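# Structural overview
Below are the chains, spelled out letter by letter.
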Amino acid sequence: MGNITLKQVTKSFGDVNVIKPIDLEIRDGEFIVFVGPSGCGKSTLLRMIAGLEDTTSGNIEINGQDATDMPPAKRGLAMVFQSYALYPHMSVRNNIAFPLKRAKMDKAEIDKKIANAAKILNLDSYLDRKPGQLSGGQRQRVAIGRAIVRQPSAFLFDEPLSNLDASLRVNMRLEISELHKSLATTMIYVTHDQVEAMTMADRIAVFNGGIIEQVGTPLELYNKPNNKFVAGFIGSPKMNFIDAKSPDNDKVASIGVRPEHLQISTEKGMWSGTVGVTEHLGSETFLHVQLDGAGTFTVRADGECTLAYGDKIYLSADPSKIHHFDKDGVSINKV
Amino acid sequence: MATTNSRSLAKLMLFPSVVLLLIWMIVPLCMTLYFSFLDYNLLIPGDNPFIGFLNYEFFITDPAFIESFFNTLLLVGGVLLITLGGGIGLAILLDQAIWGQNYVRIMVLAPFFVMPTVSALVWKNMLMNPVNGLFAHFASWIGVTPVDFFAQIPLLSIIFIVSWQWLPFATLILLTSIQSLDREQLEAADLDGAGPFSKFFYMVLPHLSRAITAVILIETIFLLSIFAEILVTTSGGPGYASTNITYLIYTQSLLQFDVGGGSAGGIVAVIIANIVAIFLMRLIGKNLEG
């Protein structure tokens, strides 16, 4: 069981409202990612769910029980911190055993659970080392091990991969996803990296300035963003925006097209421009195109693209792939 | 400091100060060693004949030596116990967010800035005096016979005074150490269901082990040579009840004018200090590694 329900939850530090009233229903067994730029309140909300921060107003319910003022240990949640927060003076074994010993579990049971966790996370050969003797990825595994032995009703991850290098991050991303599939426990994962959000999440909650801009599956957010912020945040490289008017709907103030939805032509198209910097990644090429009207577009072309600096090109897009926004940045679905 | 050139230049530049320091240390040590083998008393003019280890024999077989040896250990041990215990407690308290935190911290540090002689005099005359002292007034106010501190519990009184002086030092070192404790570790412990005692014993105390080692080593060096507080308050008495080795050497050489005996005592003190140092490094020195 791992339902978490937030009802009109707020948080303020003095006069500053870090979290404006938030309602969110986290379902049992789902992998939900809180994503947003730094300072948007996603980590604060996670810490409130964990019980490490007081809730200013509103209610947090865990498994249908009001947990707003419950101490962290009573909530049955486990958290993996950005710095891993391993206990440096204890061996890996004792680190993992610590929560079980606090729960007064008997020795044989503890040993069994540690052996099990070590097997899942490939930690067998490190059990008697100190955290200081482990690499970043191994520490990360120990931190996860310490979380899973408690069999929590939900896991909370606070930017767990941000201290790892790029290739290890990809591996750990897979491992965490696989762990979620095998444990089928609710996981709440905070990150500022939209790639992590898109690749891991069942559902994503996009945060901005203390509110949730949109909640939905990765593809919902990608295909039908509620507003300009979500449209710009989800997807890499970012969506291109230009001010534009539509003859059919006078509310339209700007439009957005994703780099991967633009077609390049040397003869004709909706927009004309000059190629600026080109970034060759091998499998694909990103062109930064200076439009003749206003602004720049990022365009994704294939890896063999031979266009060079200064070339004149035309761009066009399938009308169904163009997003329309009104003057407040809210999406307009029907033009 | 990378090239051979700059390294040899650095050695050359350091040379004079190293030599000066060496002379500064070696000459007095050698003179003390030399005097310790002579029959050299300022009250008996004339030849200072070589007498071998006689000075050492007299110093070590003196009943006052054994007493002052244990006094020294009690003094060092007692002060360490109080300053470490109190220091850890105060450091934890001062680490909490309170109003006027900075002022409280400065006030806690204040005793360390008071000269040993002055603080000993303040304690002797204003606090511990059996007639006029604050403690005596307090005792008679609650209807208890005032304690004559320096007559009844001389060594303990000196331990109190010295502890009062060194508590701020221990607190300061331990406080800076506590402040470097990773908050996420404590939060993780919170989630793991650790209570305040578990957190203290499993997180805070291991984290402090280095700072505690530093405090023990530094304080021991200074506490072995406590002198001013004893001179000002009890003059080592009653009898030899509050005499430590340092004070015994002082009485030997400057009150009895026995330069030879005092020098022998000095060498014995150096040996004892080294034994204590080796013992401590063996015991807790590994905490400073890595």
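Residues numbered from 1 in each chain as written. Chains lettered and ligands numbered in written order. Predicted model: local features only at pLDDT ≥ 70, side-chain atom pairs only at ≥ 80, totals over all residues.

## Considering the overall build of chain B
Summing up its helical and strand segments, chain B has 13 helices and 0 strands in all. In terms of overall dimensions, chain B is more spread out than a globule: its C-alpha atoms have a radius of gyration of 24 Å, far above the 19 Å expected for 290 residues. Along the first, second and third principal axes, the C-alpha set of chain B runs to 80 × 75 × 30 Å. When contacts within chain B are restricted to residue pairs at least 6 apart in sequence, long-range pairs at least 24 apart make up 69% of them. (Helix = DSSP H or I, 4+ residues; strand = E, 2+ residues; numbered from the N terminus. Rg over C-alpha atoms; globule rule 2.2 N^0.38 Å. Contact = placed C-beta atoms within 7 Å.)

## A short note on the overall build of chain A
When helices and strands are tallied, chain A shows 8 helices and 19 strands. Dimensions along the principal axes, computed over C-alpha positions, put chain A at roughly 75 × 45 × 35 Å. In chain A, the share of contacts with a sequence separation of at least 24, taken over all contacts with a separation of at least 6, comes to 63%.

## With respect to the sheet that holds strand β12 (residues 254-257) of chain A
Reading across the sheet, the 4 strands line up as β11-β12-β18-β19 (chain A) and stay open at both edges, with antiparallel pairing between neighbours. In this open sheet, the two edge strands, each paired with only one partner strand, are β11 (240-243) and β19 (331-332) of chain A. (Pairing = 2+ DSSP bridges.)

## Looking at the interface of chain B and chain A
Interface size is often expressed as the accessible area that is lost when the parts come together. Contacts between the two partners involve 14 residues from chain B and, on the opposite side, 16 residues from chain A. At the level of elements, α9 (183-191) and α10 (196-223) of chain B are the ones that each hand at least two residues to the side of chain B that touches chain A. With 6 residues, α9 of chain B is the largest single contributor of residues to the side of chain B that touches chain A. Broken down by class, the residue content of the side of chain B that touches chain A amounts to 6 nonpolar, 3 polar and 5 charged. (Nonpolar A, V, L, I, M, F, W, Y, C, P; charged D, E, K, R; others polar.)

## Description of the nonpolar core
Formed by 131 residues in total, the largest nonpolar core has its most connected members in M79, L156 and I188 of chain A. Looking at which element gives the most residues to this core, the answer is helix α8 (residues 154-179) of chain B, with 12 residues. When residues of this core are assigned to domains, at least three map to each of domain 1 (4-231) and domain 2 (238-332) of chain A. Those residues in contact with I188 of chain A, other than ones at most four positions away along the chain, are I26, I32, F34, L46, I49, A154 and L156 of chain A. (Core = buried A, V, L, I, M, F, W, Y, C linked by C-beta atoms within 7 Å. Buried ≥ 20, exposed ≤ 12 C-beta atoms within 10 Å, placed from the backbone. Domains from an automatic or database assignment.)

## A word on the sheet that holds strand β2 (residues 16-26) of chain A
Residue and element names in this part refer to chain A. Across the sheet, which stays open at both edges, the 4 strands sit in the order β2-β1-β4-β5 with antiparallel pairing between neighbours. Of all strands in the sheet, those bounded by a partner on one side alone are β2 and β5 (65-66). Two strands pair when backbone bridges link them, and strand β1 (residues 4-13) and β2 are joined in this way by 7 bridges, in the antiparallel orientation. Opposite T5, over in β2, you have E25 as the bridge partner.

## Section: helix α13 (residues 259-284) of chain B
Given a rise of 1.5 Å per residue, 26 residues ought to cover 38 Å, and the 37 Å separating the end C-alpha atoms of α13 of chain B matches this to within 8%. Of the residues making up α13 of chain B, those classed as buried are V259, G260, G261, G262, S263, A264, G265, G266, I267, V268 and A269 of chain B. (Expected span 1.5 Å × (residues − 1).)

## Regarding the pairing of strand β14 (residues 271-280) of chain A
Residue and element names in this part refer to chain A. Of the pairings in the sheet, the one linking β14 to strand β17 (residues 312-317) comprises 4 bridges and is antiparallel in character. Looking across to β17, one finds that T274 is bridged to K312. Pairing of β14 with strand β15 (residues 284-291) involves 6 bridges; the strand directions are antiparallel. In the strand pairing of β15, H280 is matched with T285. Counting the residues that bridge the hairpin from β14 to β15 gives 3 residues, and of these G282 lies at a positive phi of roughly 95 degrees.

## Topic: the packing of helix α1 (residues 4-35) of chain B against α13 of chain B
All names here are of chain B. Contact geometry of α1 with α13 gives a least axis separation of 7 Å together with a crossing angle of 120 degrees. Between α1 and α13, the angle is such that the two are oblique. Relative to α13, the crossing made by α1 is left-handed. Across from T32, L33 and F35 in α1, the residues of α13 making contact are V259, G260, S263, G266 and I267. A breakdown of the residues in the contact of α1 with α13 according to their chemical character gives 4 nonpolar, 4 polar and no charged. (Axes fitted to C-alpha atoms, helices over the stretch in contact; angles between N-to-C directions. Parallel < 35°, antiparallel > 145°, perpendicular 65-115°, else oblique. Left-handed = near helix turned anticlockwise from the far one by under 90°.)

## Looking at the environment of I226 of chain B
All names here are of chain B. Considering the arrangement of structural elements, one finds I226 in the loop between α10 and α11 (228-233). With 45 residues separating them along the chain, I226 and I271 place their C-alpha atoms 17 Å apart. If we skip the residues at most four places from it in the chain, I226 touches L75, V162, N244 and T246.

## Digging into the packing of α8 of chain B against α10 of chain B
A pair of packed helices can be characterised by two numbers: the angle between their axes and the separation between those axes. Residues and elements named next belong to chain B. Closest axis-to-axis distance for the α8/α10 pair is 9 Å, and the angle between their directions is 145 degrees. By crossing handedness, the relation of α8 to α10 is classed as right-handed. Counted together, V162, W166, A170, I173, L174, S177 and I178 of α8 and V204, H207, L208, A211, A214, V215, E219 and L223 of α10 form the full contact between these two elements. Of the residues assigned to the contact of α8 with α10, the class counts are 12 nonpolar, 2 polar and 1 charged.

## So, the domain arrangement of chain A
Residue and element names in this part refer to chain A. According to the domain assignment, chain A contains domain 1 (4-231) and domain 2 (238-332). Taken residue by residue, the interface counts 6 residues in domain 1 and 8 residues in domain 2. When the residues that make up the side of domain 1 that touches domain 2 are grouped by side-chain class, the tally is 3 nonpolar, 2 polar and 1 charged.

## Comments concerning the pairing of β12 of chain A
Residues and elements named next belong to chain A. Pairing between β11 and β12: 4 bridges, direction antiparallel. Among the inter-strand pairings, N240 is bridged to a residue of β12, identified as V257. Across 3 bridges, β12 lies against strand β18 (residues 323-325) in antiparallel orientation. Across the sheet, residue I255 finds its bridge partner in β18, namely H324.

## Topic: the confidence of the model for chain B
Residues of chain B with pLDDT of at least 70 account for 99%, and the chain-wide mean is 87. Across the interface, the model reports ipTM at 0.79; the global pTM reads 0.79. (pLDDT = per-residue confidence, 0-100.)

## Structural notes on the environment of A67 of chain A
Residues and elements named next belong to chain A. For A67, the position within the fold is in the loop between β5 and β6 (77-80). Given 22 C-beta atoms within a 10 Å radius, A67 is considered buried. Residues A67 and G51, spaced 16 residues apart in sequence, show a C-alpha to C-alpha distance of 8.5 Å. Not counting residues within four places of it along the chain, the set of residues in contact with A67 comprises I60, E61, I62 and R75.

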